[in-house]
Each structure stands twice: as C-alpha cells, then as structure tokens.
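The chain contents come next:
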Amino acid sequence: MYRAKQGEPCSKRPLLECVDLLKRSRAAFQAGRTLKETFRLTQLEAVVKMIESNQNDFVGALDKDLHKPQFETIVSELILIKNEATYAMTNLNKWMQPQSVEKNLSTSLDQCLVISEPLGVVLIMGSWCSPVQMCLVPLIGAIAAGAAFFFFKSPLTNGHSGGQSLRIVLCAGNCAVISPSVYTTHTAQLLDRLIPSYLDNECFHVILASMSDLPEVAELKFDHVFFSGNGQDGSRIARAAARTLTPVTLIIGGKNPCYVDQHCDLDATAQRIAWARFHNAGQSLVAPDYILCHTDVKEQLVEALKCCITQFYGSTPEQSHSLGRMVNREIFNHTRDIIWKSGKVAAGGQVLEAEKYIAPTILSEVAESHAIMQQEVSGPVLPILTVANVEEAIAFINGHEKPLCVYVYSSNKKIVSKMMSETSSGSFCANDSILQSVMVTLPFGGVGASGMGSLHGCYSFNNFSHKKSCLLRSTGFECVTYLRYPPYDDRNLSLMAWASTLSQKSQGWCQIL
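What counts, and at which threshold
Residues numbered from 1 in each chain as written. Predicted model: local features only at pLDDT ≥ 70, side-chain atom pairs only at ≥ 80, totals over all residues. Heavy atoms only, no water. pLDDT = per-residue confidence, 0-100. Contact = heavy atoms within 4.5 Å. Helix = DSSP H or I, 4+ residues; strand = E, 2+ residues; numbered from the N terminus. Polar contact = N/O pair within 3.5 Å; in protein donor to acceptor, adjacent residues only side chain to side chain. Pairing = 2+ DSSP bridges. Axes fitted to C-alpha atoms, helices over the stretch in contact; angles between N-to-C directions. Salt bridge = Lys/Arg side-chain N within 4 Å of Asp/Glu carboxyl O. Buried < 20%, exposed > 50% of the residue type's maximum accessible area, 1.4 Å probe, protein only. Patch = residues over 30% accessible without salt bridge, like charges linked within 9 Å, V, L, I, M, F, W, Y side chains within 5 Å. Areas by Shrake-Rupley, 256 points an atom, 1.4 Å probe, with all protein chains shown as cover. Right-handed = clockwise from strand over helix to strand, strands pointing away. Parallel < 35°, antiparallel > 145°, perpendicular 65-115°, else oblique. Nonpolar A, V, L, I, M, F, W, Y, C, P; charged D, E, K, R; others polar. Left-handed = near helix turned anticlockwise from the far one by under 90°. Expected span 1.5 Å × (residues − 1). Disulfide = S-S within 2.5 Å. Phe/Tyr/Trp six-rings, centres within 6.5 Å; stacked < 30°, edge-to-face > 60°.

A. Representation of the confidence of the model for the protein within the structure. Of the residues in the protein, 89% have a pLDDT of 70 or more, and the chain-wide mean is 89. Counting contacts from residues 1-13, a segment whose pLDDT is below 50, to residues more than four positions away or on other chains yields 35 contacts. Counted against residues more than four places away or in other chains, residues 148-171, with its pLDDT under 50, gives 54 contacts.

Written out as structure tokens, the structure is:
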C-alpha cells in the first residue's frame with residue numbers, strides 16, 4: 001500500500017499504480033470474488049466495524065483537517081455511514097431480487113424479468129467538506145449493488161411441459177477505487193490506512209491523488225465514476241470520463257436558495273437556518289447558501305439570526321469548541337474576500353488568518369450582482385436578499401441554474417406547495433434544512449447543473465447497478481409468432497394490425513411480436 005511521504009500534504013499515487021489497481025480490481029470482479037451475497041454482507045459489516053473501532057481516529061483526523069467538533073463528526077459523518085450500511089444489510093436480499101414485469105399474449109408463458117447487474121469497477125471521488133461520508137456512503141452502495149442467485153421454472157419447450165428448475169447465477173457486487181480529497185490530508189491518510197485493513201484487498205483500494213490529477217485517473221476505463229464537489233471540478237471529471245464513455249454520478253454544490261415567508265415561526269426558522277449554514281463552518285454542499293426573505297420580516301429575521309449565533313457560539317465565537325475552521329488557506333482567502341466585496345455585514349465578519357477562522361457572518365443589503373451571488377462559497381457566510389412575495393422568490397430561483405437543494409420556511413401549506421411544484425432542484429425541504437439529504441429512504445442527488453444520479457438506500461443500489469431486461473422464452477407458441485416471418489403477405493399484416501389495435505385497449509396483452 002502506497003503511503004504519503006512525511007511532510008507532504010498528500011502525495012499522489014502515480015498513474016501507473018492507478019492502472020495496476022484497476023487491473024487488480026477488474027480481475028477480482030471477473031473472477032467472481034464478489035459473487036455471493038455473503039461476501040457483500042461481510043464487506044458491509046466490515047465498514048461498520050471500521051467506523052466503530054476507529055471513532056476516535058476519525059474524530060482526531062477531522063479535527064486536524066477542519067477543526068470539526070466531535071459532535072459534528074459523529075452525528076453528521078459516522079452515524080450516517082453506520083445507518084446507511086445497516087439499512088443496506090437489512091434490505092440487501094430484497095433489492096437483489098429479479099423484478100417481474102407485465103407480459104403480453106406471446107410471452108404469457110415466458111419469464112419477463114429485470115435484474116440488477118453490477119457495473120464492475122467504480123471510481124469514487126469524495127468531497128472535502130464531508131470527507132468520510134462522501135467516500136463511504138457511495139462505497140456502501142457500490143458494494144451492495146448487483147443481483148442474486150435465483151431459480152425459475154422452465155417454460156414450455158417444443159410444446160411440451162418441461163417442469164425442470166433451472167438455476168441462473170449472476171455476478172454480484174462491484175469493486176471500487178476510492179479517492180478521498182487531498183484537501184483533508186489527515187482524513188485521506190486515515191482512510192488509506194484503514195480500508196486495506198478491513199475490506200477485501202483485491203476488490204477495494206484507495207488512491208491519494210490531487211484534484212489536478214483526477215481527470216487523468218477518470219480517463220482510465222472504469223465502469224462508473226462517482227464525484228462530489230464543486231461544479232468546475234465536476235465538469236472536468238465528466239469530460240474526462242466521457243472520453244471513454246464512462247457513466248458518471250455527480251453531486252455538485254452551488255447556490256442553494258432558502259425562502260423565508262412572512263408567515264413562519266421566526267425563532268425556529270432562524271435556529272434551523274443558522275445551524276445548517278454554520279455547521280462545519282459553512283463548508284457543505286447542502287446548506288442554505290442565501291436567503292430570499294419576505295420584506296415584511298427581514299429585520300426580525302436578522303435579529304433572530306444574530307441571537308442564534310450568540311446562543312450557539314457565545315459572544316466570542318473564535319473561542320467556541322462548536323465552530324470549525326476553513327479547510328485551507330485558499331478557501332479562507334476566497335471566503336474572506338467575498339465578504340468584503342458583498343453587501344453590508346450585519347453580524348460577524350471577523351477573521352483570524354493564522355487560524356483560518358471566519359466568524360459566522362450575516363450579510364444584508366445584498367444584490368444579485370454582488371460577488372457572493374455569482375460564485376460558489378464554502379464558508380460561514382449567509383447573505384440575505386429581500387423579495388415582495390413568493391412569486392418573486394420563485395422567479396429569482398428559476399432565473400438561475402437548478403440547485404442541489406431548495407428550502408422554504410412557511411406555515412402556509414399553499415406557499416410550501418407552490419414553491420415545491422414551481423421550482424426544480426435535486427431535493428426540497430420545508431421548515432428545516434439538510435435533513436432531506438441524509439435520510440436513507442430518500443434519494444439524494446442533483447438535477448441539471450447540480451448533478452446527476454442519486455445516493456442512499458435502494459437509490460445507491462440502483463445507481464451502481466445496470467437494470468438488465470431479460471426475456472427467457474421457449475420455442476413453443478409458434479402458431480402465433482410465425483406471423484412475423486417472411487415471405488410477408490397482406491393477410492399476416494392485417495392480423496398484426498388487428499392485434500395492435502386490441503393491444504392499445506388492453507395495455508399490450510395482445511401484442512404478438
């Protein structure tokens with residue numbers, strides 16, 4: 001296993017070694033190493049054991065990388081991963097089962113199935129803002145994905161009843177190469193050390209590569225590429241994967257709008273927004289990026305948010321153990337400069353360069369043309385714009401790229417319904433933030449500029465599977481199917497056309513092709 005050299009931020013593995021890992025993973029997949037359901041269950045159990053046995057190490061690594069509080073690490077990273085793995089283990093057998101579909105007359109005695117086929121070897125590139133979660137949650141889906149062993153009764157053969165039970169064996173489970181973000185050096189090195197110790201060494205590997213090298217890695221012929229991060233890097237990865245026609249899943253951060261209606265519980269609204277925006281020092285793909293506030297309640301909302309900052313982090317937030325730091329100097333400088341170029345500071349704004357600290361900041365008097373509304377921002381900064389009504393808020397949201405998340409706070413169900421139905425986003429949440437993105441029973445993913453594909457539960461399973469249509473026919477029933485054969489004549493065509501008109505009324509039952 002390759003190790004980063006002492007003193008280096010996170011050394012990259014040479015491309016040749018990436019090629020070698022891909023070959024090893026593909027050989028393991030093709031040899032049927034991931035074939036059995038028991039193998040996948042064992043690997044999922046190993047993920048849980050890795051998290052539970054090394055909780056303090058994960059807490060320490062994320063503290064070094066992001067100054068992330070222990071509470072946030074356990075709740076927003078480790079528990080979510082364990083929940084995901086446990087849910088997958090509980091439901092794996094059900095997800096693997098072939099799905100029967102509706103048949104027509106000519107296939108009424110045949111098997112019409114959709115089976116979930118594993119893709120092969122997938123490349124998983126995690127984001128630095130949730131460096132453990134966004135590596136291991138996709139990995140859980142990749143491990144789980146695929147079909148089962150199953151039996152079926154043989155259909156009629158040559159017009160005679162077979163009655164023989166045939167066993168169909170399908171390859172199951174993907175192999176994976178995981179690339180943690182090098183921005184979170186200590187976390188990446190921890191995953192590099194732990195994954196070989198807990199997971200199968202031929203099927204699952206870790207590479208440590210800089211973002212500039214990942215497009216070159218993605219150009220290798222993986223069977224699927226998963227990426228989470230910003231739009232610029234996501235576009236580069238998608239272009240690189242496209243050169244080999246490799247499908248991708250992209251979870252892309254951007255500008256997540258949050259509409260605050262005049263009819264809402266302002267205290268609860270302020271608490272939930274402040275928690276979501278300043279969690280992990282604002283370094284999140286799913287936090288509200290800006291507020292579209294109804295003019296009537298703007299001043300009250302600003303005051304309520306100020307109170308929340310003091311309540312959460314005290315009068316001197318830089319001394320709070322509940323507030324993180326920027327991941328590196330580049331992100332720190334970008335966020336600091338954005339604050340100075342946008343709106344008016346209503347709260348916060350203080351910075352400590354030596355600590356990469358930025359105070360929880362609220363910006364008022366922000367215009368759409370300001371820098372903070374034109375760029376992706378990862379930091380504890382919350383700009384507030386005003387709108388006259390929900391229609392203006394919807395028009396503003398629809399005038400921009402489709403976001404990963406849309407949030408609305410209102411006690412009026414009609415307002416919530418209108419916002420949900422008249423905007424398009426990867427996910428939607430009313431009267432709270434972020435929670436919709438971590439539920440194992442809801443898909444999490446983007447649309448348009450915010451990405452493609454989805455995660456969590458059965459959606460992860462489907463994301464890393466190919467849905468293969470299978471028709472298992474007999475050679476019987478030729479008295480009907482002969483109509484399609486040459487030499488063609490008008491009588492057969494008339495019969496086919498007549499059957500087609502019947503099928504339009506009976507949802508395909510009389511199709512004879």
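B. Up close: the side chain of histidine 205. With respect to the helices, strands and loops of the structure, histidine 205 is situated in strand E7 (residues 204-206). Separated by 3.4 Å, the side chain of histidine 205 and the backbone oxygen of asparagine 201 make a polar contact. Beyond its immediate stretch of four places on either side in the chain, histidine 205 contacts Leu21, Arg24, Ser25, Ala176, Val177 and Ile178.

C. Local environment of the sheet that holds strand E10 (residues 257-260). Ordered in space as E12-E15-E16-E11-E10-E17-E18, the 7 strands form an open sheet in which the pairing is mixed. Each edge of the open sheet is held by one strand with a lone partner, namely strand E12 (344-347) and strand E18 (427-430). With strand direction ignored, the average angle separating the axes of adjacent strands in the sheet is 25°. Pairing analysis gives 3 bridges linking E12 to strand E15 (residues 361-364), with the strands arranged antiparallel.

D. View of the sheet that holds strand E20 (residues 465-472). Read from one edge of the open sheet, 3 strands run E1-E2-E20, paired in antiparallel fashion. The open sheet is flanked by strand E1 (99-100) and E20, the only strands paired with a single partner. Two elements, E1 and strand E2 (residues 111-118), share 2 bridges in a ladder whose sense is antiparallel. Residue glutamine 99 lies in a different strand from E2, and its bridge partner there is valine 114.

E. Spotlight on the environment of tryptophan 340. One can find tryptophan 340 in helix H11 (residues 329-341). Each C-alpha atom, one on tryptophan 340 and one on alanine 371, is 9.4 Å from the other, the two residues being 31 residues apart in sequence.

F. View of the pattern of salt bridges. This structure, assessed with the given rule, holds 16 salt bridges. Residue aspartate 223 pairs with arginine 26 through a salt bridge whose shortest N-O separation is 2.8 Å. One end of the pair, aspartate 223, is in the loop between helix H7 (214-218) and strand E8 (224-229); the other, arginine 26, is in helix H1 (residues 15-30), and 197 residues separate them in sequence. Relative accessible area serves as the criterion here: at 21%, aspartate 223 is assigned to the partly exposed category. Among the ionic pairs, arginine 236 bridges to aspartate 233, the shortest N-O distance being 3.6 Å. Of this pair, arginine 236 and aspartate 233 are both found in helix H8 (residues 231-242), 3 residues apart, which corresponds to roughly one turn of the helix. Judged by relative accessible area, aspartate 233 falls into the buried class, the value being 16%. A single network of salt bridges, built from pairs that share partners, joins Arg336, Asp337 and Glu353.

G. Representation of a nonpolar patch on the surface within the structure. A cluster of nonpolar residues, Phe71, Val75 and Ile79, forms a patch on the protein surface that exposes about 290 Å² of accessible area. Checked against the element boundaries, valine 75 lands in helix H4 (residues 70-96).

H. Up close: the pairing of strand E11 (residues 290-294). Burial within E11 is extensive, with 5 of its 5 residues counted as buried. By the alternation rule, side chains of E11 split into Tyr290, Leu292 and His294 and Ile291 and Cys293, which are all buried. This β-α-β element, E10 to helix H9 (residues 266-278) to E11, shows right-handed connectivity. In this structure, E11 lies alongside strand E16 (residues 381-387), joined through 4 bridges in parallel fashion. Counterpart to isoleucine 291 in the pairing with E16 is isoleucine 384.

I. Inspection of the packing of H4 against helix H5 (residues 133-144) at higher detail. At a minimum axis separation of 9 Å, H4 and H5 run at an interaxial angle of 5°. Taken together, H4 and H5 sit at an angle that is classed as roughly parallel. Together, Ser76, Glu77, Leu80, Ile81, Glu84, Ala85, Ala88 and Leu92 of H4 and Gln133, Leu136, Val137, Ile140 and Ala144 of H5 make up the contact between the two elements. Each residue belonging to the contact of H4 with H5 can be placed in one class, and the counts come to 9 nonpolar, 2 polar and 2 charged.

J. How the structure looks around the packing of H9 against helix H10 (residues 298-313). Running from amino to carboxyl end, H9 crosses H10 at an angle of 55°, the nearest separation of the two axes being 9 Å. Accordingly, the angle class assigned to the pair H9 and H10 is oblique. Considering how the two elements wind past one another, H9 and H10 form a crossing that is right-handed. Facing H9, whose interface residues are Leu266, Thr269, Ala270, Gln271, Ala274, Trp275 and Phe278, H10 presents Gln300, Leu301, Ala304, Leu305, Cys308, Ile309, Gln311, Phe312 and Tyr313. A per-class count over the contact of H9 with H10 returns 12 nonpolar, 4 polar and no charged.

K. Region of the structure containing H1. For H1, built from 16 residues, the straight-helix expectation of 22 Å at 1.5 Å per residue is met to within 8% by its first-to-last C-alpha distance of 22 Å. Taken together, the buried residues of H1 touch E2, strand E3 (121-125), strand E6 (175-179), E7 and H7. Just beyond H1, the residue with positive phi is glycine 32, at close to 80°.

L. Highlighting the state of the cysteines. Tallied over the entire structure, the rule returns 0 disulfides. As a non-bridged cysteine, cysteine 264 has cysteine 293 as the owner of its nearest cysteine sulfur, 7.7 Å distant.

M. Geometry of the pairing of E10. Burial of the side chains of E10 extends over both faces: Pro257 and Tyr259 are buried on one face and Cys258 and Val260 on the other. Bridge count for E10 against E11 is 4 bridges, and the pairing is parallel. When the bridges of E11 are listed, valine 260 appears paired with cysteine 293. The sheet contact formed by E10 and strand E17 (residues 405-409) spans 3 bridges and is parallel. In the sheet register, cysteine 258 faces E17, and the bridge partner there is tyrosine 407.

N. Representation of the packing of aromatic side chains in the model. The final tally for this structure, using the stated rule, is 5 aromatic pairs. Aromatic side chains tyrosine 87 and tryptophan 95 sit 5.8 Å apart centroid to centroid with 55° between the ring planes, which places their arrangement in the tilted category. Residue tryptophan 95 is classed as buried on the basis of its relative accessible area of 10%. Taken together, the ring pairs in this structure connect Tyr87, Trp95 and Phe461 into an aromatic cluster.

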